[in-house]
Each structure stands twice: as C-alpha cells, then as structure tokens.
Amino acid sequence: MSTRIGFLKGHGTENDFVIVPDPDDTLDLGPAAVAALCDRRAGIGGDGLLRVVRSAAHPEASGMAAEAEWFMDYRNADGSIAEMCGNGVRVFARYVQRAGHVQAGDLAVATRGGVKRVHLAKGEGGADGDITVSMGRAVLPEERATVTVEGRSWPAYNVNMGNPHAVAFVDDLAHAGDLFRPPPLSPEGVYPEGVNVEFVVDRGERHVAMRVHERGSGETRSCGTGACAVAVATARRDGVDPARTGTPVAYTVDLPGGRLVITEHPDGTVEMTGPAVIVAEGEIDPDWFETVLR
Ligand SMILES: N[C@@H](CCC[C@H](N)C(=O)O)C(=O)O
C-alpha cells in the first residue's frame, strides 16, 4: 500500500517553497524527488523544499535537539542541499505555528547553518504577519570576486551568511539581463561550492533594491540570506559598522517579491524581518510520487 504524503505550499516575499512535514524522518527525498516536487510544470512548484523534521530524529540535527525541537531540512529546486535559507526559515516557523507546535513567541529552529532564533510576534500570528529571525553573523572575507554579465564586469563583495553570496553594486538592475542567468565569476574556482549572486542599486538613505540569482534555483523573486548579505555589504561600502559605532543599523531591502528589513547589531548579529504565508495544503498523489522515486 502506498504511503500518503501531505504537503503545504508557502512563500516569504514570493520566494516559494514546498513544505513536507516529516516529523519522524521517514522520507528519503533524494535530489530527483525534490526536483520533481519543485518543478513548476510537472510538479507542485517551488524555489525550494522545506522538510519539517524533529531534530532528535535527524542525524544532522540531533546535536541541536536540546536547543531546537524542529530541524529545517532545506533543499534548492534542483535538489541540492544548502546550509541556510532566510525566507525559508520564516515560512518554516509559520508552518510550525500553524500546526500548533508553537504559539506566538520565540522559537528556535535547527538548520545546517546552526540554530536560528525566530520571533513570532503576538497579534501578528495571522496569515501574513511579519516574522523576525536572528540570522547570526555575516562573514566578509577580504577577497573580492568579479562578476560578468553580457560583457560588463563588476567587483563583488564576498559575504557568507552561512551560505555564500557575491554582492555587486550596479547602476541599473536591468544589467542582470532579462533572465538573470548564472553569471561567471572570476578568478576561476573562487566559489568552489557555487554562490548566490546579488545585483544591488541604491534607492535612498539606508534603502536598496536587489535582484538575485540563487545557486540551485535560478533567479528568484526574493532571497533572505541574500538580503542580509546585501545590507551588510552596503553598510561596509557606506563606511558603516555597528561594531565600531555601538549603534544598530537597519536597511530596507526591496526585492521583486516584496520588502525585507535587515538590522545589523553592534555584536555583529544580523536580524531579518519580513512576511511568511502558507497558501495551500494538500496530499501528494502516491502513484505519481512512486514514479519520481524510481
Ligand atoms: N532563498 C534562500 C536561499 C536558499 C539557498 C541558496 N539558494 C543557496 O544555495 O545557498 C533565502 O531566502 O535565503
């Protein structure tokens, strides 16, 4: 008899995810199955997949179980694994709240990038209320890469938010091209694990807009870790460092799918605030699923 597998669909600033609750870690979702579920024509469709597993049940997360009951097993649309997903963790928290595992208040989520603290504000627990996540510290190695699109090149800040980002300041977001394809970066081999690439323009004081090409997913309408990387790179470009001034600095980051507010604190931690919405719930057809597992 085929097993029934439930799923939900959700998004954060239109970065969309297939959510698969699997509390006891019973599903073996390989790259092909993830890619089939994320396929926008032949599957459910999403920029990525969030499997919801009890930390204690998952070998990669059991060490975090004392701090965080739930583990976000995040995959990109092509089935590859990434360390962290900022929009994903808000959508994950929204699901955990909706499933009744947590009320408004604080929630710790285990991820491959460590435990993330999420705040679900009281009174904002509705379908699209904002959720704040403490994303940890950004790491900015000195080395700069060069990103090239259609014969033009820009220097890029190298920012690690748990996952790697190359942030380039441009005059016009159209420089990314009609379709933001994976842009070549030099020197060769600069990001051996691949990279997410952000193009950024200024919109006003502490206000920027960006487009992103995501490793493993292509151009998406938003990227939470990307927005954090962009805010920190913009602050450094502007000569602003909360660690030196002792004052938090907040940037508004506009993305094609919505707006995120990113605050960097004097201790170096980066906080992201934005919406998270669950839009549908259903069941995967077991016969179809058998075919993608084959
Ligand atoms: N969309 C995500 C980032 C997902 C992971 C990324 N594609 C990678 O491979 O590092 C976000 O909101 O942060």
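Residues numbered from 1 in each chain as written. Predicted model: local features only at pLDDT ≥ 70, side-chain atom pairs only at ≥ 80, totals over all residues.

Under an unreviewed UniProt entry, the name given to the chain is Diaminopimelate epimerase, and the organism recorded is Streptomyces triticagri. Quoted verbatim from the Catalytic activity (unreviewed entry) heading of the UniProt record, the comment on the chain is "(2S,6S)-2,6-diaminopimelate = meso-2,6-diaminopimelate". The Function (unreviewed entry) comment attached to the chain in UniProt states, word for word, "Catalyzes the stereoinversion of LL-2,6-diaminopimelate (L,L-DAP) to meso-diaminopimelate (meso-DAP), a precursor of L-lysine and an essential component of the bacterial peptidoglycan." (UniProt positions renumbered as here; feature names shortened; annotations may be inferred.)

A.B. asks: I'm lost on the overall build of the chain in this one. Help?
C.D. replies: Helices and strands together make up the secondary structure of the chain, namely five helices and 18 strands. In terms of overall size, the chain behaves like a compact globule, its C-alpha atoms giving a radius of gyration of 19 Å where 294 residues would be expected to give roughly 19 Å. Summarising its shape, the C-alpha atoms of the chain cover approximately 60 × 40 × 30 Å along the three principal directions. Counting only residues that meet the buried cut, the chain has 44% of its 294 residues in that class. (Helix = DSSP H or I, 4+ residues; strand = E, 2+ residues; numbered from the N terminus. Rg over C-alpha atoms; globule rule 2.2 N^0.38 Å. Buried ≥ 20, exposed ≤ 12 C-beta atoms within 10 Å, placed from the backbone.)

A.B. asks: When you look at the domain arrangement of the chain in this model, what are you seeing that I'm missing?
C.D. replies: How big an interface is tends to be expressed through the accessible area that disappears when the partners come together. By domain assignment, the chain separates into domain 1 (5–129 + 277–293) and domain 2 (145–274). Its C-alpha centre places domain 1 at a distance of 24 Å from the equivalent point of domain 2. Examining the composition of the side of domain 1 that touches domain 2, we find that three residues originate from one element, helix α2 (residues 86–98), more than from any other. When the residues that make up the side of domain 1 that touches domain 2 are grouped by side-chain class, the tally is four nonpolar, nine polar and five charged. (Domains from an automatic or database assignment. Nonpolar A, V, L, I, M, F, W, Y, C, P; charged D, E, K, R; others polar.)

A.B. asks: Explain the site of the ligand here, please?
C.D. replies: The environment of the ligand is made up of 19 residues, and the closest members are Ala-82, Asn-87, Asn-163, Gly-224 and Thr-225. At the level of secondary structure, the elements contributing two or more residues to the shell around the ligand comprise α2 and α3 (224–237). Broken down by class, the residue content of the shell around the ligand amounts to three nonpolar, 14 polar and two charged. Three or more residues apiece are contributed to the shell around the ligand by two domains, here domain 1 (5–129 + 277–293) and domain 2 (145–274). (Near = placed C-beta within 6 Å.)

A.B. asks: Would you explain the nonpolar core in this entry?
C.D. replies: The nonpolar side chains of soluble globular proteins are, as a tendency, buried together. Counting residues in each nonpolar core, the largest one holds 76 residues, and the members touching the most others are Ala-227 and Cys-228. With seven residues, the single largest contributor to this core is α3. Taken together, domain 1 (5–129 + 277–293) and domain 2 (145–274) each give at least three residues to this core, which thus spans both. Sequence-distant contacts of Ala-227, defined by excluding residues within four places in its chain, comprise Gly-86, Met-210, Val-253, Leu-255, Leu-260, Ile-262 and Met-272. (Core = buried A, V, L, I, M, F, W, Y, C linked by C-beta atoms within 7 Å. Contact = placed C-beta atoms within 7 Å.)

A.B. asks: I keep staring at the UniProt feature "binding site: substrate" (unreviewed entry) in the chain and nothing clicks. Help me out?
C.D. replies: Following the UniProt record, the feature "binding site: substrate" (unreviewed entry) maps to Asn-15, Asn-76, Gly-86, Asn-87, Asn-163, Asn-196, Glu-214, Arg-215, Gly-224 and Thr-225 here. Relative to the assigned elements, Asn-15 resides in strand β2 (residues 15–21). The class for Asn-15 is buried, based on 32 C-beta atoms found within 10 Å. Among all residues touching Asn-15, those that are not within four sequence positions of it are Asp-47, Asn-87, Thr-220, Arg-221, Ser-222, Cys-223 and Gly-257.

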